[in-house]
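Listed here are the chains, written in short residue letters.
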Amino acid sequence: MNILTFTTLWPNAEQPNFGVFVKHRVAALAKLDGVNVRVVAPVPYSPKAGRLLPRAVLTRLPEHWRQLAGVPEQEVIDGLPTFHPRYLVTPKVGMSFYGNWMARGAFETVRRLHAEKPFDLPIDLIDAHYAYPDGYAAVLLGERLKIPVFITARGTDINLFSRMPLIRPKIVKALSRAAGIIAVSEALKTRMVELGIPAEKIAVIRNGINREVFRPRDRNEARRRLGLDPEDRILLTVAALVPVKGIDRLIEAMALLTRAQRENRRHENQLKLFAIGEGSERRALESQISNLKLGSCVRLVGAKPQSELADWYSAADLFCLASHREGCPNVLIEAMACGLPVVAANVGGVAELISSPNRGHLVSPPTAENFEVEIRAALSAVRKSEDVTSFGNAPSWSEVAAEVKSYFAANGNFAKD
């Protein structure tokens, strides 16, 4: 089975932690017998430093765009040959053209991989991640090159983009013309059925985890390695610092919790919130922390590699996720696999993961005030680590990959074992 993965949700030399959940599934798929994978991960066009724009202009570009300029045309990610064709993006406008522009920018790369057969191809199928613009572009490429396309829907692509009048018909077109569809949660499948996609065309295959990494560890030892106070009560969130992740809600909840603690003159161990991640909202969140006088108990610690996250999960008392939208958030699965109870906004497929009070609390509606109530309740609850970890929604990535391969094989005549 010769597979071309097509997605913008993919790491690169400038952004090594980007799209790791897609990378894990694809890398596991590539390890299965009879599977050969190559990756085309388009990136938006950005002028290269020192070549097309004066330095004074380049230094004013957002960091994200400066990073994109440094992404190589070809590289190897976890042993997978990866190609980065450029495509046009006009920020904040023209989103309805992104799929066409992406297909146009990637066509020559995909055609060459398919026709010139440098890697024992031609391509049997395109494995596209994210319905728009990635899945839409993949369908255009697949139809032109006569390659079946499978689309994995992951969250915002369906929960948000499908509500945009100019984007919705393109998403429906892509899903309708795809050979098959994978949803990472039942909630996403339900939403796609509401768009008119037949339920029998959609398979629900949730994300997996690396069980060797994400497992319960000694809390005191984890805190020692991270330099954390063994007496503090620690809240943890892992999310990009972007508006959709709702970290401002957690900061507001912290203000309410600390205010109540002061007013009641409680002599409890200090409550602290650590936010792991990076993004465009850092300055706004830093200002919020300063204005609320929470500098001593809220820390934005930046992005961390997955290899370090298990220690953070094990060191914390409670994991919090305040997102406005979600598909199947891997951070919840990872946290619970490490024995950490969770408090999370009841959005998307979250309720499918927190299906028992033993695993955590759902917040609905997910306001700062409701987070304060649920955090307080969760910190007061007595749970055993095994109660949190003993749930059936945490398959390994190899198990997920085997299910994906079976779905591909069952829905096309291209499989080669």
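Residues numbered from 1 in each chain as written. Predicted model: local features only at pLDDT ≥ 70, side-chain atom pairs only at ≥ 80, totals over all residues. Heavy atoms only, no water.

Trainee: So what about the overall build of the chain? Which residues, and what values?
Mentor: Counting secondary structure elements, the chain contains 17 helices and 16 strands. For the chain, contacts bridging at least 24 residues in sequence account for 70% of all contacts bridging at least 6. Within the structure as shown, the chain displays about 18,400 Å² of accessible surface, and the carbon and sulfur contribution to it stands at 50%. (Helix = DSSP H or I, 4+ residues; strand = E, 2+ residues; numbered from the N terminus. Contact = heavy atoms within 4.5 Å. Areas by Shrake-Rupley, 256 points an atom, 1.4 Å probe, with all protein chains shown as cover.)

Trainee: A description of the packing of helix α4 (residues 98–115) against helix α5 (residues 131–145) should follow, citing residues and the corresponding values.
Mentor: Following both chains from N to C, one finds α4 and α5 inclined at 45 degrees, their axes separated by 8 Å at the closest point. Here α4 lies oblique to α5, going by the angle between them. For the pair α4 and α5, the crossing hand works out as right-handed. Residues Tyr98, Gly99, Asn100, Met102, Ala103, Ala106, Phe107, Val110, Arg111 and His114 of α4 lie in contact with α5, whose contacting residues are Tyr132, Pro133, Asp134, Tyr136, Ala137, Leu140, Leu141, Arg144 and Leu145. Classifying every residue of the contact of α4 with α5 by side-chain character gives 13 nonpolar, three polar and three charged. (Axes fitted to C-alpha atoms, helices over the stretch in contact; angles between N-to-C directions. Parallel < 35°, antiparallel > 145°, perpendicular 65-115°, else oblique. Left-handed = near helix turned anticlockwise from the far one by under 90°. Nonpolar A, V, L, I, M, F, W, Y, C, P; charged D, E, K, R; others polar.)

Trainee: How would you sum up the pattern of salt bridges? Please name residues and give values.
Mentor: One pass over the structure, following the stated rule, counts 18 salt bridges. Taking the shortest distance from any N to any O, the salt bridge between Arg376 and Glu372 comes out at 2.7 Å. One end of the pair is Arg376 and the other is Glu372, both in helix α15 (residues 368–380) and four residues apart, which spans about a single turn. For Glu372, a relative accessible area of 15% puts it in the buried group. A network of salt bridges, in which partner residues are shared, links Arg217, Glu221, Arg224, Arg225 and Asp311. (Salt bridge = Lys/Arg side-chain N within 4 Å of Asp/Glu carboxyl O. Buried < 20%, exposed > 50% of the residue type's maximum accessible area, 1.4 Å probe, protein only.)

Trainee: Give a detailed account of helix α1 (residues 20–30), specifying residues and quantitative values.
Mentor: Burial within α1 is extensive, with eight of its 11 residues counted as buried. Within α1, burial applies to Val20, Val22, Lys23, Arg25, Val26, Ala27, Ala28 and Leu29.

Trainee: I'd like to hear about the sheet that holds strand β7 (residues 125–129), residue by residue, with values.
Mentor: Strand order in the open sheet formed by eight strands is β4-β5-β2-β1-β7-β8-β9-β10, with mixed pairing between adjacent strands. Because the sheet does not close on itself, it has two edges, and the strands there are β4 (74–77) and β10 (202–204). Pairwise comparison of adjacent strand axes, ignoring direction, gives a mean angle of 25 degrees for this sheet. Strand direction decides the pairing type here: β7 and strand β8 (residues 149–153), joined by four bridges, are parallel. Its bridge partner lying in β8, His129 is registered against Thr152. (Pairing = 2+ DSSP bridges.)

Trainee: Could you give me a rundown of the packing of α1 against helix α17 (residues 397–410), with the residues and numbers involved?
Mentor: The N-to-C vectors of α1 and α17 enclose an angle of 70 degrees; their axes lie 8 Å apart at closest approach. The pairing of α1 with α17 is recorded here as roughly perpendicular in orientation. Contacts between α1 and α17 pair Phe21, His24, Arg25, Ala28 and Leu29 from the former with Trp397, Ser398, Val400, Ala401, Val404, Lys405 and Phe408 from the latter. Among the residues making up the contact of α1 with α17, the classes are represented as eight nonpolar, two polar and two charged.

Trainee: With reference to specific residues and values, describe the side chain of Glu326.
Mentor: Within the fold, Glu326 resides in the loop between β14 (318–321) and α13 (330–337). At 2.7 Å, the side chain of Glu326 forms a polar contact with the side chain of Ser323. The contact partners of Glu326, leaving out residues within four places of it in the chain, are Asn159, Lys245, Leu321, Val347, Gly348, Gly349 and Val350. (Polar contact = N/O pair within 3.5 Å; in protein donor to acceptor, adjacent residues only side chain to side chain.)

Trainee: Quick one: what's the story with the packing of aromatic side chains, residue by residue and with numbers?
Mentor: Inspection of every chain in the model, using the stated rule, returns nine aromatic pairs. Both rings, one in Phe97 and one in Trp101, keep their centres 5.5 Å apart while their planes meet at 20 degrees; by these two values the pair is stacked. Note on Phe150 and Tyr407: the rings are 5.9 Å apart at their centroids and 80 degrees apart in plane angle, and the pair reads as edge-to-face. One end of the pair, Phe150, is in strand β8; the other, Tyr407, is in helix α17, and 257 residues separate them in sequence. For the pair Phe150 and Tyr407, one class covers both residues: buried. (Phe/Tyr/Trp six-rings, centres within 6.5 Å; stacked < 30°, edge-to-face > 60°.)

Trainee: How would you summarise the side chain of His361 if you had to cite specific residues and measurements?
Mentor: By secondary structure assignment, the location of His361 is in strand β16 (residues 360–363). The class of His361 is buried, set by a relative accessible area of 17%. Side chain to side chain, His361 and Glu374 meet in a polar contact 2.8 Å long.

Trainee: Describe the sheet that holds strand β13 (residues 298–302), and please don't skip the residues or the numbers.
Mentor: Sheet architecture is open: six strands sit in the order β13-β12-β11-β14-β15-β16, paired in parallel fashion. What marks the edges here is a single partner per strand, and that holds for β13 and β16. With direction set aside, neighbouring strand axes in the sheet form an average angle of 20 degrees. In the sheet, strand β12 (residues 271–276) pairs with β13 via four bridges, with the strands oriented parallel. By the bridge assignment, Ala275 is partnered in β13 with Leu300. This element, α15, spans β11 (233–238), β12, β14, β15 (342–345) and β16 of the sheet and lies at about 170 degrees to β16.

Trainee: Summarise the environment of Thr8; cite the residues concerned and give the values.
Mentor: Examined against the element boundaries, Thr8 turns out to sit in the loop between β1 (2–6) and α1. Along the backbone, Thr8 and Met102 are 94 residues apart, and their C-alpha atoms lie at a distance of 9.8 Å. Once residues within four sequence positions are removed from consideration, Thr8 is found in contact with Phe18, Pro42, Tyr87, Met102 and Asp134.

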